[in-house]
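The primary structure of each chain is shown beneath.
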Amino acid sequence: MSGCLFVNYRGMDSHSYGALLYTDLIRRFGEDLVFFDAESISAGEDYVRELLTQVRSSRLVLAVIGPDWLTATDGEGRRAIDSPGDWIRRELAEAFAAGVRVIPVLVDDAILPTAEVLPRDIAELGRCQARHLRRREFVKDLERLAADLVAIDPELAGIEARRRPRSGASLIASTGSGTTIQAAGDIGGRTNVRCEKAAGPAPTMTASTGSGTTIQAGGDISGRIRLVTFLSIEMPRMVRNAIVTVLVVALLGGATAAVVTWVLPEFAPIYKTEFLVDLSAAGADPSEVEESVDSLRRAMGNSGDDDAVALRTFGGECGSDGNTTQLVGFGTGNRDEIGDAVTGARVTGAATLLRGVIEAAADFHEPFSQDAKQVNRIVVVTRNGIDACDDDADFVEREMRDRLAASGLTVEFRFVGYRLDDEHRSGLDRLAGSADAPPPVLAEDPEELRAALDWIANVEPVLRSASEVVDILNPVSEQVNDAAQAVVDGRLDVAERTLSAVEPVTADAEFDNLGSRAKTPETVEVHDRALALRDRQRNAVDAVSALLEVAREGRPFTAELAAFRREADLYNTEVDALNTLLARLRAAGPGGRR
């Protein structure tokens, strides 16, 4: 193996993604250029020597990082990454010491660890530009990663160029009965068939391209030509067996699995939120209950139009099945129904806060329950921080985790306490900790309560979506800048490959969320600035395309380069303006009163 791509992964965290990534890379570039320990080390070899030799001689290391990559523990309960003998750390440390470029590949919701939380010998990993490998965007993410690799490494670029369909390549065969069939690829990669037929039976021709593709062309009884293309891909036995198993399970699932996997997600809400409201009679001041209900109704009015919202209340007799009730199930366009339900609900019984939280978690485990495109949330609005019937926080934590694990969804919690004394504040703090939630927002008057609920229901999702827009756009801008620099350096082939990998950014879910919540002056401004940022980037892409075109023609490109730099500066200015606006909104949020 000459050494080029080295796949680094943690078995307990991201082995499946590492194996799939390896399969795609060998399909593109061949087994000799990709190292994956489970497949690349022969039986009986000194694996220590082989691993260190390969990582030092590689040109690129792909560090596959899943959600548990940093927190995975060894047999003694310590972080594995903190051990000098941890092979993930050791491979990365060798790569950095040898000057090998490392590309973090973040799986699904994983985040890149910062340099501060990493051991010193691999702290540089926290500063490396990462790429994503997400379940819902798997094919798209693989294509982008492959384009990055091709742009970085000339040998990979050459292989990729040879792998592309070539215009004019053809297969010709004769049936022996006076009929000749020709199958050929055109410049778009399509296969065209031409048949010169003499009298006789329907002809058939089968030929192999020699690269794993077989083309069969023949005539049917009506004289029409039928073409079938078979593609053969070599893959390791481990991966092949895994794929066969997945296919069998998929076939057993049938149409139901297809609907759940592909159809339902297309109609999934952007946010899925259940409000859990305290309607217990324990120490209830009628004005406080009315203020809580009114604040919730106002916050619902500013929430996103495409959010799926539900309402559950708690309060009743200890041990009774009716001490928490879901009054309105998940749905969009049900704001008025929720407002009417919470207004007309009866205030009764003890504060059954813990049972309400547990059952709210179970509400996300309904048949065909959909994962939100962005966030699933439970928002607890309570006048009590202590359960009147049971205060076993450990039990609640176990129950919540079990219910949410059964749903297969990730659910965030937000807690809002209204006019709580010190004892109840401490209780709500403990409950928030059990739910891995931020500290509770504490409100003392109706204005603070309305602001807190509006922040959680509307402003917080706007900030999240706007930040995600910036995170989506910035890597594309980096590619555009790289393409422009390649033109300036005279590397037009690199510029062309880099620019061809740039795909128009839509960020539809994020912009849909921003648009549906643009109901206040602040949120309208965020939406408008995000749109302006996307337009600025498109202008920059057009400018660098014009720059590359002039350079290809061999003409001076001073004017085009200046035009691109103007657009790049305008984009950066727009990024700064949006980030300043988001910082101002965060500073005005309820965090200062937590």
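It should be noted that the structure appears before, not after, this text.
Computed from a prediction, not measured in an experiment: that's the story for all the values here.

Enquirer: I keep staring at the state of the cysteines and nothing clicks. Help me out?
Expert: Every disulfide links exactly two cysteines, by a covalent bond between their sulfur atoms. For the structure shown, the criterion picks out one disulfide. In this model Cys-318 forms its disulfide with Cys-389; the gap between the sulfur atoms is 1.8 Å. Here the S-S torsion is close to -80°, and the disulfide linking Cys-318 with Cys-389 is therefore left-handed. In this pair, Cys-318 sits in the loop between strand S13 (308-314) and strand S14 (324-331) while Cys-389 sits in the loop between strand S15 (375-382) and helix H11 (393-407), placing the two residues 71 residues apart along the sequence.

Enquirer: Please explain the sheet that holds strand S1 (residues 5-9) as it appears in this structure.
Expert: Two pairing modes exist for strands in a sheet, parallel and antiparallel, and in both the strands are linked by backbone hydrogen bonds. On the basis of which strands lie adjacent, the open sheet formed by five strands has the order S2-S1-S3-S4-S5 and parallel pairing. Of all the strands in the sheet, just strand S2 (34-35) and strand S5 (131-133) have a single pairing partner and so form its edges. Pairing of S1 with strand S3 (residues 60-65), which is carried by five bridges, proceeds in the parallel orientation. Bridging across to S3, Phe-6 finds its partner in Val-61. Along the sheet face, helix H4 (residues 87-97) touches S1, S3 and strand S4 (101-107) and points at about 145° away from the line of S1.

Enquirer: For this particular structure, what's the right way to read the packing of helix H13 (residues 446-488) against helix H15 (residues 508-516)?
Expert: In a pair of packed helices, the angle between the axes and the distance between the axes together describe the arrangement. For the pair H13 and H15, the least separation of the axes is 9 Å and the interaxial angle reads 145°. Where H13 crosses over H15, the two elements pack in a sense that is left-handed. Of the residues in H15, those in contact with Pro-461, Val-462, Ser-465, Ala-466, Glu-468, Val-469 and Ile-472 of H13 are Glu-510, Phe-511, Asn-513 and Leu-514. Its residues assigned to classes, the contact of H13 with H15 shows seven nonpolar, two polar and two charged.

Enquirer: Would you mind going over the pairing of S1 with me for this structure?
Expert: Most of S1 sits out of view: five of its five residues are buried. Burial along S1 is two-sided: Leu-5, Val-7 and Tyr-9 facing one way and Phe-6 and Asn-8 facing the other are all buried. Note that S1 and S2 share two bridges and pair parallel. Bridge pairing in S2 places Leu-5 opposite Val-34. For the crossover from S1 across helix H1 (residues 11-29) to S2, the handedness is right-handed.

Enquirer: I keep staring at helix H17 (residues 558-587) and nothing clicks. Help me out?
Expert: Working note: α-helix, 3.6 residues per turn, so residues spaced by three or four point in the same direction. With 30 residues, H17 should reach 44 Å at 1.5 Å per residue; the first-to-last C-alpha distance of 43 Å fits that figure. Taken together, the buried positions of H17 are Leu-561, Phe-564, Glu-567, Ala-568, Tyr-571, Glu-574, Val-575, Leu-578, Leu-581, Leu-582 and Leu-585. Packing partners of the buried residues in H17 comprise H13 and helix H16 (521-552).

Enquirer: Sorry, what's going on with the sheet that holds strand S17 (residues 441-443) here?
Expert: Read from one edge of the open sheet, six strands run S14-S13-S12-S15-S16-S17, paired in mixed fashion. What marks the edges here is a single partner per strand, and that holds for S14 and S17. Within this sheet the neighbouring strands show an average axis-to-axis angle of 15°, counted without direction. Where strand S12 (residues 271-278) lies against S15, seven bridges are found, and the strand directions are parallel.

How each quantity is defined
Residues numbered from 1 in each chain as written. Predicted model: local features only at pLDDT ≥ 70, side-chain atom pairs only at ≥ 80, totals over all residues. Heavy atoms only, no water. Disulfide = S-S within 2.5 Å. Helix = DSSP H or I, 4+ residues; strand = E, 2+ residues; numbered from the N terminus. Pairing = 2+ DSSP bridges. Contact = heavy atoms within 4.5 Å. Axes fitted to C-alpha atoms, helices over the stretch in contact; angles between N-to-C directions. Left-handed = near helix turned anticlockwise from the far one by under 90°. Nonpolar A, V, L, I, M, F, W, Y, C, P; charged D, E, K, R; others polar. Buried < 20%, exposed > 50% of the residue type's maximum accessible area, 1.4 Å probe, protein only. Right-handed = clockwise from strand over helix to strand, strands pointing away. Expected span 1.5 Å × (residues − 1).

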